[in-house]
Amino acid sequence: MKERLQELKAEALNKVDEAREVQHLKDVRVEYLGKKGPITEVLRSMGKLSKEERPVIGQLANDVREDIAQAIEKKQSALEEAALEKQLEAESIDVTLPGRPVQVGGPHLLTSIVEEIEDLFIGMGFEIKEGPEVETDYYNFEALNLPKGHPARDMQDSFYITEELLLRTHTSPVQARTMGLKNGSEPVKMICPGKVYRRDTDDATHSHQFTQIEGLLVDKHVRMSDLKGVLNTFAKQMFGAEREIRLRPSFFPFTEPSVEMDISCKVCGGTGCSVCKGTGWIEILGAGMVHPNVLEMAGYDPKEYSGFAFGMGPERIAMLKYGVDDIRNFYINDQRFLKQYHKA
Amino acid sequence: MLVSLNWLNDYIDVNDYKPEDLAEIITKTGIEVESVNPVAEAAKGIVVGRVVSCEQHPNAEKLSLCQVDIGEGILQIVCGAPNIAEGQKVPVATPGAVLPGNFKINKTKLRGEVSNGMICSLQELGVDEKDVPKEYQEGIYVFPEDVNLGDDAVSLLNLNDIIIELGLTPNRSDCLSMAGVAYEVAAALGREYKLAEEEVETSNEKAEKMVKVEVEDPQANPYYGAFILKDVKVGKSPLWIQNRLTAAGIRPINNVVDITNFVLLEYGQPLHAFDFDRFGSSRVVTRRARSGEKITTLDDQERTLSPDHLIITNGENAHAIAGVMGGAESEVQENTTTILLEAAYFNPANVRQAAKDHGLRSEASTRFEKGVDPNRVERAGIRACELLQQYAGATVLEGPAKFDQLDRSENKVQMNSLKINERLGTEISNEEIAYILERLQFTYESNGDEFLVYAPTRRGDIVLFEDMLEEVARIYGYDNLPFTLPSGAAHAGGLSLEQKLKRGMKAYFEGAGLDETITYSLTSEKQAAMLVSKEVEELTPTPVKLAMPMSEDHSHMRLSILPELLQSISYNSARKQQNIAYYELGTVFISQEEEVTKQPHEMLRASGAVTGEWLAHPWQQEKKVVDFFVVKGIVEGLMKWLDLDVKYTKAKIEGMHPGRTAVVTTAEEEIIGFVGQVHPKVQNELGIKDTFVFDLNAEMLIDIYQKEEAFETIPRFPSVNRDIALVVEDSVPAGHIEKTIYEAGAPLVKQVRVFDVYQGEHLEEGMKSLAYRLLYLDPERTLKDEEVEAAHEQILKEVKDKHNAELRA
Ligand SMILES: [Zn+2]
């Protein structure tokens, strides 16, 4: 009986070895390990054996079963593995072919710049305020210390609709409107971006429509050194930590003192080149301490409150930062131009 | 303002500064220097020579053969200038000389004759054509007699000068004069300067005896001084005066005109010289012009006047438009002998109006418009008399005849050093402030921290404490201000919900594949009324029109973003860019008034335009050309993002394809925009291919969103899907059936989606099959099969009743 079992084992293992498909293994399993198989038969005929022999043969039969089952299992996973490999081989593709394109849009360069500036000032505690593009003469000029007849508000420079209505020439009226809502007693800390309009013939450096972003802080004890500090923070974040700023005297009717801010030239690092016209500096924005007449007209007591304001042109910043050389590009919407700056 | 450094050096020594460094200091303390340039490109080796003889060139008709004495010898030079003549003193470029443009002069032969150099014109020496005196424009320059042979012509002609160009802000008109610039530079450098006292010897005769001054409007003309000069010999002015004018960009004409111009530049005070004999009266009457009164000005133009214009008359006729331009009738000419020299103060507003009305912005009017220094008006007249006496042989009569009600007082400004330091964030001592005032040459009284400043009249811009704050700050130096941050209460900045939604919409459109554009708000009259959404149309708006447009293309405020967006597509299409997907979030301007009196309503709209291929993936044979449903899908996605239920109904809109356009309405039946194809006729006009657009009332979308309940909870119970295919007549819109399904299946049907549209085989002609997937859900519990079945039956019954829809077999 022992020999019979050894024989069966050898036979079965041989068949397992020769199996080329999973089905063959199933056949082997049924043939040798099935209820009608030879090993079961051996076990059934154990009654004929002596008491001493029975456990020995029984043990042996179990071992043989176990060995065959294990061999089948091992072989089966090997066959499955091979089959899968074959299938995957057949599924192989050319990964170098182009993928299915996805439509990707992006923001306008001016929007990117405006939002970058907005976010920067939001981080410093400023709010964003917006206002009408068709303004009253009062808010566009008078409330900003530009009374009727002031040379700086020549009819020639503005798009008037009626004597009292015009397309705003700057976003400053939003400041005047916002201050006016505070009853002269609350601080204001705001940024106002938006479209503005001037009577200019469109060419490489002029556009009858352009963008402005202005800022205003009104509170008790606002100092000019605060303006310098805030603008310095802005310039370093916007243009790079290695940029220096300088303020130099200028004139705006709505601020006194008035200054213009330059940043050191990125191209030459301040030694002078064609980009900065040899000065080492590039003009970025206008600023100043809010004129007492402006505070007063908005309801603030200029003895108690002071403030600073600044304003800049995102087009100019885009031209400096990204080398755009024609302001008309911002409004023509050439697809190649728009796409070029989606990552700006 | 062009500032000659050679001239500035006459007043204040700045030779120890490099021009660029000086420019930097001026820029940082007060006035932006726009450029630093030499008067002319460097020329070398040019000397004064005398034309000893001048003969016809033997071989060339238009050339002359000259012998020129340059002091150290005689040179033979061939010259082609028509104005060359024996005896002239001329600039000679000797062999080895270099002219502007790096043009080297060598000994040469011209038509067989030796030429040892070149006799030069001013242009050849680098003088700007417009600054060259008329008589030398077509030929060589001729020196006055008093120059020496062999002298350096470049320095005689001031061609070694450096010009600093100042960009003056409107408040700094004091620097429209060399004296003003000298005061400013002195303050910037901390040096001494004072405008010298002018002196003139007068005859015993009094000007008042010859002329009477009458002023009708003292407010417009508070001071008028009439100097009388006799025995004037009109001729050339001395070279140094000509040089000063040339450096400042003014062309020399004759000694009288040049001297008035010189004083204008030196004092900032415009003067005018009348030929007294031609003036033709012993009365100077200044008054407002009568309506329709006429004058022929120096430029030989006849001009019609109005009462806005102040004029100078001889009691009868206009002889000058005050501060703007003199009359041709009394112009100083070669034979003029007696001059009436006007030094006056004219009200800036009157001069500005006249200069504007006549389109005459001159050196004179610019200065009057900004306001001249009242303390320098008469002094400038005396200075001109001094020079005319010296350089035109004039006899100056005593005193000007004058009218004088001019306020010459100084503005007083009180300031406190503590307040200054509080405003600037500085710690400037009282001593430093006093030193700054001294540098500015402002007189003051001080008592501890208090300063009472008397601002000189040349600085009429200083009125308020803040003006003095600026003066102190700029001389102290903005570089010396510390960097601080605002000390006020902490303030949380941020975006409003509306601003966040706007950014969100932009991000949605960009994620959906559209590029953001920014187009012009001003458009043509025709485009302003095109492609206007129905809910805007219902407001019967009139496009807002500019009073004085610059062009027809930009004359009206837009009522829709689409026309300009289509222009952009057209622009790209003309440049072979056929696949475009654009959107814009911007305002349109709605006025309901025929004649605008109020600000229009500025409505935020979101518009888009898409054309060409949406998707092209050739090697997998995938290709999607933009159609209605691509664009509708973008709109639907936005509504889903905003969680808004909207409906699409076929509609006709001017400029849109009548069969491929839908208005979009809210659940409350309010129109919020449209989506569709641009009318083929409009496409043709613009030269664009099939273009699909949407235009949405973004303002309303934001409004509705803000009013809505925040978030629905995610359902906890399972939903059930059921599909049905219905056969209906072709004309029945899928959206109508969808609506019926929602109504019949309420409240369990939560979603209805078309997943198949079929026409053709197995279907009767004129019929179509629409397949819908329905989603049933009760958020409170699990649905029973019978409930779904009952709802489904009800739906089938109602679509049959309303649309004659049969369940497809
Ligand atoms: Zn540079």
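So, how was this worked out
- Residues numbered from 1 in each chain as written.
- Chains lettered and ligands numbered in written order.
- Predicted model: local features only at pLDDT ≥ 70, side-chain atom pairs only at ≥ 80, totals over all residues.
- Heavy atoms only, no water.
- Contact = heavy atoms within 4.5 Å.
- Buried area = accessible area lost by both parts, 1.4 Å probe.
- Salt bridge = Lys/Arg side-chain N within 4 Å of Asp/Glu carboxyl O.
- Polar contact = N/O pair within 3.5 Å; in protein donor to acceptor, adjacent residues only side chain to side chain.
- Domains from an automatic or database assignment.
- Donors = N, O, S within 2.8 Å, 3.2 Å for Na, K, Ca; no water.
- Tetrahedral: all angles 85-135°; square planar, octahedral: opposite > 155°, others 65-115°.
- Buried < 20%, exposed > 50% of the residue type's maximum accessible area, 1.4 Å probe, protein only.
- Helix = DSSP H or I, 4+ residues; strand = E, 2+ residues; numbered from the N terminus.
- Pairing = 2+ DSSP bridges.
- Axes fitted to C-alpha atoms, helices over the stretch in contact; angles between N-to-C directions.

**Q** Would you mind going over the interface of chain A and chain B with me for this structure?
**A** Accessible area lost during the coming together of the parts is what is often quoted as the interface size. Across the boundary between the two partners, chain A contributes 95 residues, which contact 91 residues of chain B. Roughly 7600 Å² is buried in total at the junction of chain A and chain B, and carbon and sulfur atoms are behind 53% of that figure. Along the contact surface separating chain A from chain B lie eight salt bridges. The partner of E24 of chain B in a salt bridge is R246 of chain A, and the shortest N-O contact between them spans 3.1 Å. The tally of links from chain A across to chain B stands at 48 residue pairs in polar contact (both at pLDDT 80 or more).

**Q** Explain the domain arrangement of chain B to me, please; I cannot follow it from the model alone.
**A** Splitting chain B by domain gives domain 1 (2-39 + 162-189), domain 2 (44-156), domain 3 (202-404), domain 4 (411-477), domain 5 (497-704) and domain 6 (720-807). Placing the centre of domain 1 of chain B and that of domain 2 of chain B at their C-alpha centroids yields a distance of 35 Å.

**Q** Would you mind showing me how to read the coordination of the zinc ion here?
**A** Under ideal tetrahedral coordination, the four donors around a metal are separated by 109.5 degrees; under ideal octahedral coordination, the six donors are separated by 90 or 180 degrees. All names here are of chain A. Taken together, the protein donors to the zinc ion comprise C265 (SG), C268 (SG), C273 (SG) and C276 (SG), at separations of 2.3 Å. In this structure, the zinc ion is surrounded by four donor atoms whose angles at the metal cover 105 to 114 degrees, and the resulting shape is tetrahedral. All donors of the zinc ion come from a single chain, and their spacing in sequence reads C-x2-C-x4-C-x2-C. Here C265 and C268 have matching classes, each one buried.

**Q** Before we go on, may I ask you to explain the pairing of strand β18 (residues 310-313) of chain B in this structure?
**A** Both faces of the sheet carry side chains from a regular strand, because those side chains alternate between them. All names here are of chain B. On β18, burial covers both faces: L310 and I312 on one face and I311 and T313 on the other are all buried. Looking at chain direction, strand β15 (residues 283-288) and β18 are connected through four bridges and run antiparallel. Each bridged residue has a counterpart across the sheet, and for V285 the counterpart in β18 is T313. The sheet contact formed by β18 and strand β19 (residues 318-321) spans three bridges and is antiparallel.

**Q** Help me understand the sheet that holds strand β2 (residues 32-38) of chain B in this model?
**A** In any sheet, the strands associate via hydrogen bonds between backbone groups, in a parallel or an antiparallel arrangement. Residue and element names in this part refer to chain B. Taking strand neighbours across the sheet as the criterion, the three strands line up as β1-β11-β2 in an open arrangement whose pairing is antiparallel. Each edge of the open sheet is held by one strand with a lone partner, namely β1 (2-4) and β2. On average, each strand axis in the sheet is tilted by 25 degrees relative to the strand beside it, whichever way the strands run. Pairing of β1 with strand β11 (residues 162-167) involves three bridges; the strand directions are antiparallel. Its bridge partner being in β11, S4 is matched across the sheet by I163.

**Q** Sorry, what's going on with the pairing of strand β6 (residues 245-252) of chain A here?
**A** All names here are of chain A. Of all eight residues making up β6, seven are buried, and the element is well covered by its neighbours. Where β6 lies against strand β7 (residues 255-264), seven bridges are found, and the strand directions are antiparallel. Of the residues in β7, the one forming a bridge with S250 is S258. The turn linking β6 back onto β7 is made up of two residues.

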